[in-house]
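Residues per chain, in single letters:
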Amino acid sequence: MKDHENQNCYYCGGERFEERRVRYIYNRDENNLFVPDMPADVCLNCGMVYYHGPALLKVEQRFKAIYQNKEKPDRYTTLPVMDYV
Ligand SMILES: [Zn+2]
């Protein structure tokens, strides 16, 4: 995803964002990885969430490692959980 920094919100044209931790579920091929504290920028006007490129990459790598049985999830509820640190 393109870095929106110094740009307006793609949806509403808003200029103000706030960094928050949001709930994110990565899924591919019917497999899921739940990240309860994913860092993202949220548009203060419309609430659109912009995930950070490096964070998305990190989750994707962790997802692959877990499903290739190279790593274990941090927790497991109904979905495997990755704590974003
Ligand atoms: Zn917006």
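All values reported here derive from a predicted model rather than from experimental measurement.

Q: Quick one: what's the story with helix 1 (residues 53-67), residue by residue and with numbers?
A: The end-to-end C-alpha distance of helix 1 is 21 Å, a good match for the 21 Å that 15 residues give at a rise of 1.5 Å each. Along helix 1, the residues that are buried comprise Ala55, Leu56, Val59, Arg62, Phe63, Ala65 and Ile66. Tucked into the core, helix 1 has its buried residues touching strand 1 (17-28), strand 2 (31-43) and strand 3 (49-51).

Q: An account of the packing of aromatic side chains is requested, with residue identities and associated values reported.
A: Two measures describe an aromatic ring pair: the distance that separates the ring centres and the angle between the ring planes. Applying the stated criterion to the full structure yields 5 aromatic pairs. Judged by centre distance (5.7 Å) and plane angle (80 degrees), the rings of Phe17 and Tyr50 are edge-to-face. In this pair, Phe17 sits in strand 1 while Tyr50 sits in strand 3, placing the two residues 33 residues apart along the sequence. Cluster of aromatic residues (ring-pair linked, three or more members): Tyr26, Phe63 and Tyr67. Taking NZ or CZ as reference, Lys58 lies 4.3 Å from the ring centre of Tyr84, over its face.

Q: Which residues make up the coordination of the zinc ion, and what values go with them?
A: Distances from the zinc ion to its protein donors, Cys9 (SG), Cys12 (SG), Cys43 (SG) and Cys46 (SG), fall at 2.2 to 2.4 Å. Exposure remark for Cys12: the relative accessible area of 33% places this residue in the partly exposed category.

Q: Lay out the nonpolar core with the relevant residues and their values.
A: Counting residues in hydrophobic clusters, the biggest one holds 15 residues, and the most contacted among them are Tyr24, Leu33, Val35, Met38 and Val59. Secondary-structure elements contributing two or more residues to this core are strand 1, strand 2 and helix 1. Setting aside anything within four residues of it in sequence, one finds Met38 in contact with Arg20, Arg21, Val22, Tyr24, Tyr51, Ala55, Leu56, Val59 and Tyr84.

Parameters and conventions
Residues numbered from 1 in each chain as written. Predicted model: local features only at pLDDT ≥ 70, side-chain atom pairs only at ≥ 80, totals over all residues. Heavy atoms only, no water. Helix = DSSP H or I, 4+ residues; strand = E, 2+ residues; numbered from the N terminus. Expected span 1.5 Å × (residues − 1). Buried < 20%, exposed > 50% of the residue type's maximum accessible area, 1.4 Å probe, protein only. Contact = heavy atoms within 4.5 Å. Phe/Tyr/Trp six-rings, centres within 6.5 Å; stacked < 30°, edge-to-face > 60°. Lys NZ or Arg CZ within 6 Å of the ring centre and 35° of its normal. Donors = N, O, S within 2.8 Å, 3.2 Å for Na, K, Ca; no water. Core = buried A, V, L, I, M, F, W, Y, C linked by side-chain atoms within 4.5 Å.

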